[in-house]
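# Chains, contacts and geometry: an overview
Chain by chain, the residues run as shown.
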Amino acid sequence: MHREFTQLRRILRAGYFASKIRQISMRFANQSIREGALLSAGILLCALSGQASAQWSGTVALTSDYVWRGSSQTREEPALQGGLRYTHGSGFYASVWGSNVKFAPDNGARSEFDLAAGWSGKVAEDWAVDLYLLRYQYPSAHTRLNWNELNASATWRDNYWLAVGHSDNAMASRSRGTYLQLGARVPISEQWRVEASVARYVLESRYADSYTHGAVGVVWAFKAPFEARLTLHGTDSAARRLFTGMAGSRAELALQASF
């Protein structure tokens, strides 16, 4: 009898411990579930915060003439242009910009796409820099027009800048070219500002003479996100020789929307 009682007590004790083990297991399981949920939520929040730190932006513009570094790229005809840019919170970005083109003499190019990748951001309280690699792409051209350029710019107080662009294949000429530009924008009011720049394109003499061009423009931000601008361009005789009929004095009227 005593032996049977002892055996029964052992069974009950085993059931008690089994019950405790199940309770503890359930407790740890629930805790693991909560911790897993918290971990998943943390990962999701990190991902969302990373997405929040990234930003998409873009522009759409209609202009009376596509003027690039002092010369018309559309034979003085209108152009429809648009760009899209993705900027990460770290300052790295990638962008694409496009426009219709029409060169003289005709080489089959009907569109231009500028692909860029780089980094921009503040380096001091009043200073910002922008470093990027730019690819000029002309999909329908019959000749080799695509080329790359390395660019850098420094901006002071958001209103004054110095920009430098260099390529070993400037304008697909298989020769070096360095573009230097000094510019300024002067706010007049909340809706009006004036922008001006002067630039020098230093080219290898075996390709063309170096030339100078300048621009002065008035911008009217009449209703967000729209603005209109009128820009007057001028070049020296070296540019007129290089871009026959497409350089010199000209005016450009544009309507742009940013988003």
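I will try to describe carefully the structure that is included in this document. Bear in mind that the values here come from a model prediction, so they are computed numbers and not experimental data.

The rules behind each value
Residues numbered from 1 in each chain as written. Predicted model: local features only at pLDDT ≥ 70, side-chain atom pairs only at ≥ 80, totals over all residues. Heavy atoms only, no water. Helix = DSSP H or I, 4+ residues; strand = E, 2+ residues; numbered from the N terminus. Buried < 20%, exposed > 50% of the residue type's maximum accessible area, 1.4 Å probe, protein only. Areas by Shrake-Rupley, 256 points an atom, 1.4 Å probe, with all protein chains shown as cover. Phe/Tyr/Trp six-rings, centres within 6.5 Å; stacked < 30°, edge-to-face > 60°. Pairing = 2+ DSSP bridges. Axes fitted to C-alpha atoms, helices over the stretch in contact; angles between N-to-C directions. 1 Å grid on protein atoms, 1.4 Å probe; cavity = no way out; pocket = protein on both sides within 12 Å on 5 of 7 lines; lining within 4 Å. Points joined across faces, edges and corners; volume = space filled by probe spheres on them. Nonpolar A, V, L, I, M, F, W, Y, C, P; charged D, E, K, R; others polar. Core = buried A, V, L, I, M, F, W, Y, C linked by side-chain atoms within 4.5 Å. Contact = heavy atoms within 4.5 Å. Polar contact = N/O pair within 3.5 Å; in protein donor to acceptor, adjacent residues only side chain to side chain.

A separate point is the overall build of the protein chain. Each helix and strand counted, the protein chain has two helices and 14 strands in total. Scored against the burial criterion, the 259 residues of the protein chain give a buried share of 33%. Carbon and sulfur atoms make up 63% of the accessible area of the protein chain, which amounts to about 16100 Å² in all.

What follows is about the packing of aromatic side chains. One pair of aromatic rings is described through two measures. These are the centre distance and the angle between the planes. This structure, assessed with the given rule, holds 15 aromatic pairs. Between W68 and Y136 the ring centres are 6.0 Å apart and the planes differ by 80°, which places this aromatic pair in the edge-to-face class. You can see W68 sitting in strand 2 (residues 67–68) and its partner Y136 sitting in strand 7 (residues 127–137), a full 68 residues away along the chain. Residue classification places W68 among the buried residues on the basis of a relative accessible area of 13%. Measuring from ring centre to ring centre gives 5.3 Å for Y179 and Y201, while their planes differ by 75°; the resulting arrangement is edge-to-face. On the criterion of sequence distance, the pair formed by Y179 in strand 10 (residues 177–187) and Y201 in strand 11 (residues 192–203) is long-range, its members being 22 residues apart.

The strand order around the closed barrel formed by twelve strands is 1-4-5-6-7-8-9-10-11-12-13-14, and the pairing between neighbours is antiparallel. Recorded for the sheet is a direction-independent mean angle of 20° between the axes of neighbouring strands. Note: strand 4 (residues 79–87) against strand 5 (residues 92–100), seven bridges, orientation antiparallel. Bridge pairing links R85 to S95 in strand 5.

This brings us to the layout of surface pockets. When its volume is computed, the second largest pocket comes out at roughly 560 Å³. Lining the second largest pocket are 23 residues, with F103, A104, N107, Y207 and F243 positioned closest to its centre. Split into classes, the residues belonging to the lining of the second largest pocket amount to 15 nonpolar, six polar and two charged.

Buried together is how nonpolar side chains tend to be arranged in soluble globular proteins. Of all hydrophobic cores here, the largest spans 26 residues; its most connected members are Y138 and Y201. Taken together, the elements giving at least two residues each to this core come down to strand 7, strand 11 and helix 2 (237–242). If you tally residues by element for this core, the top one is strand 11, at three residues. Non-local contacts of Y138, meaning those with residues more than four positions away in its chain, are made with V101, F103, A109, S111, E112, L145, N146 and W147.

What follows deals with the pairing of strand 10. Bridge count for strand 9 (residues 160–167) against strand 10 is eight bridges, and the pairing is antiparallel. Across the sheet, G165 pairs through a bridge with Y179, a residue of strand 10. Bridge count between strand 10 and strand 11: eleven bridges; the pairing is antiparallel. Note that in strand 11 the partner of L180 across the bridge is R200. Counted along the chain from strand 10 to the antiparallel partner strand 11, the turn is four residues long.

This paragraph deals with the side chain of T63. In this structure, T63 sits in strand 1 (residues 55–63). Within the structure, the side chain of T63 is placed 3.0 Å from the backbone oxygen of D65, a separation counted as a polar contact. For T63, the side chain forms a polar contact with the side chain of E252, separated by 3.0 Å. If near-sequence neighbours (up to four positions away) are discounted, T63 is found in contact with P78, A79, Q81, E252, L253 and A254.

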